[in-house]
Amino acid sequence: MNHEQIIKAASFIKGKIEETPRIGLILGSGLGVLADEIENPVKIAYSDIPGFPESTVEGHAGQFVFGTLKGAFVAAMQGRFHFYEGYSMEKVTFPVRVMKEIGIGTLIVTNAAGGINESFEPGDLMLITDHINNIGTNPLIGHNDHNLGVRFPDLSEAYSKNLRLLAKNTAEKTGLSLQEGIYIANSGPSYETPAEIRMLRSWGGDAVGMSTVPEVIVARHSGLEVLGISCISNMAAGILDQPLSHSEVMETTEKVKASFLQFVKELVHDIHSTTKR
Ligand code: HPA
């Protein structure tokens, strides 16, 4: 996907919205309901946008929802593209390039993840402090377009320290207990083995999932500020004596929906009020 394709998709979207979003949201498995809270929504199906693939996974609607959330005009992705669906890394991260081109400065990424840290419980929300890319590839491999970012982007603060502080304040204010930790991305789609989870724990991982990291790498390459939230939908393999299933993931996210919604809405409000002016 070259710069021209990014501009083409962004222009298509700009032609349908009346304001410029400054905050982008990627809503993970079961968390797309947040977009239903957006006022005066303008919904654009990914399949209508030039250059966009269609999303296939259960629990994802596959559309952008633009509109106002807590006074902020936002771009929300109801559903994302995963590497395990067979999309190239370029396709997986194309929406991030497009949101940047439209005008966002901050990206909030969310996902459902398995808890590696044994002090976590299903239903916890975890602020992502850092990540480990264990997917085995990188979305920036290949020709680097200098107009999009540098060849060797720095990831020493992939998840903005300022935004993390803000998020902790927001959590405190709303009486929400927020875990913190390191997110490890695997390609999936099989869940991990117990041996792999022990390995990931020894690496310092707190949660494991199959998304987010490619989008965050591209967001940082593009100069976006990133905030990441994982919804711990299940304990990772081998921790509890029970098998893992996508329906468990969806059930837990359903249960934490209310606190997730409230938290992310407050976050958007707080980010908006500190970044406008
Ligand atoms: N492993 C990987 N990805 C996941 C998990 C998990 O346990 N739960 C939700 N997404």
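Note that the coordinates shown come from a computational prediction; the quantities given were computed from them, not determined experimentally. (Residues numbered from 1 in each chain as written. Predicted model: local features only at pLDDT ≥ 70, side-chain atom pairs only at ≥ 80, totals over all residues. Heavy atoms only, no water.)

> Report on the nonpolar core, specifying residues and quantitative values.
In this structure, I13, F52, F64, F66, V98 and L107 are the most contacted members of the largest nonpolar core, which totals 48 residues. By residue number, the principal contributor to this core is helix α2 (residues 89-102), which donates 7 residues. Core analysis: the next-biggest nonpolar cluster, separate from the first, contains 32 residues, L25, I108, L166 and I271 among them. (Core = buried A, V, L, I, M, F, W, Y, C linked by side-chain atoms within 4.5 Å. Buried < 20%, exposed > 50% of the residue type's maximum accessible area, 1.4 Å probe, protein only. Helix = DSSP H or I, 4+ residues; strand = E, 2+ residues; numbered from the N terminus.)

> With reference to specific residues and values, describe the site of the ligand.
Around the ligand lies a shell formed by A112, A113, G114, Y191, E192, V208, G209, M210, S233, N234, L244 and V249. Within the backbone of A112, one N or O atom sits 3.4 Å away from a nitrogen atom of the ligand. Contact between the ligand and G114: a nitrogen atom at 3.3 Å from a main-chain N or O atom of the residue. When the ligand sits alone it has 260 Å² of accessible area, and the protein chains cover 95% of it. At the level of secondary structure, the elements contributing two or more residues to the shell around the ligand comprise β5 (106-115), β8 (207-209) and β9 (225-235). No other element matches β5, which puts 3 residues into the shell around the ligand. Partitioning the shell around the ligand into residue classes produces 7 nonpolar, 4 polar and 1 charged. (Near = heavy atom within 4 Å. Polar contact = N/O pair within 3.5 Å; in protein donor to acceptor, adjacent residues only side chain to side chain. Areas by Shrake-Rupley, 256 points an atom, 1.4 Å probe, with all protein chains shown as cover. Nonpolar A, V, L, I, M, F, W, Y, C, P; charged D, E, K, R; others polar.)

> Help me get a handle on the layout of surface pockets, residues and values and all.
Space inside the largest pocket adds up to approximately 360 Å³. Considering the residues around the largest pocket, the lining is formed by 24 residues, among which S29, A112, Y191, M210 and H246 are closest to the centre. Only β5, β8, β9 and α6 (246-275) provide two or more residues apiece to the lining of the largest pocket. Top element by residues in the lining of the largest pocket is β5. It accounts for 4 residues. (1 Å grid on protein atoms, 1.4 Å probe; cavity = no way out; pocket = protein on both sides within 12 Å on 5 of 7 lines; lining within 4 Å. Points joined across faces, edges and corners; volume = space filled by probe spheres on them.)

> I'd like a rundown of the packing of aromatic side chains, residues and numbers included.
One pass over the full model with this rule turns up 8 aromatic pairs. When the ring of Y46 is compared with that of F81, the centres are 5.2 Å apart and the planes differ by 50°; the resulting orientation is tilted. Of this pair, Y46 sits in the loop between β2 (39-45) and β3 (63-69) while F81 sits in the loop between β4 (72-78) and α2, and the two are 35 residues apart along the sequence. For Y46, a relative accessible area of 1% translates into the label buried. The class for F81 is buried, based on a relative accessible area of 1%. Members of the aromatic cluster, each reached through a chain of ring pairs, are Y46, F52, F64, F66, F81, Y87 and F94. (Phe/Tyr/Trp six-rings, centres within 6.5 Å; stacked < 30°, edge-to-face > 60°.)

> Explain the packing of helix α3 (residues 161-173) against α6 residue by residue, including any values.
Packing of α3 against α6 leaves a shortest axis separation of 10 Å and a crossing angle of 125°. Here α3 is positioned oblique relative to α6, judged by the angle of their axes. Like other packed secondary-structure pairs, α3 and α6 cross with a definite hand, here right-handed. For the pair formed by α3 and α6, the contact residues are L163, L166, A167, T170, A171 and K173 on the first element and F263, E266, L267, D270, I271 and T274 on the second. Partitioned by chemical class, the residues of the contact of α3 with α6 number 7 nonpolar, 2 polar and 3 charged. (Axes fitted to C-alpha atoms, helices over the stretch in contact; angles between N-to-C directions. Parallel < 35°, antiparallel > 145°, perpendicular 65-115°, else oblique. Left-handed = near helix turned anticlockwise from the far one by under 90°. Contact = heavy atoms within 4.5 Å.)

> Please provide a residue-by-residue account of unusual backbone geometry, values included.
Cis rather than trans, the peptide bond between G188 and P189 has omega equal to 0°. Looking at the element boundaries, P189 is found in the loop between β7 (178-185) and α4 (194-202). One non-glycine residue, N40, lies in positive phi territory at about 45°. With respect to the helices, strands and loops of the structure, N40 is situated in strand β2. Even without a glycine there, the phi angle at K70 is positive, about 55°. Looking at where K70 falls in the secondary structure, it is placed in the loop between β3 and β4. Classification of K70 as partly exposed rests on a relative accessible area of 34%.

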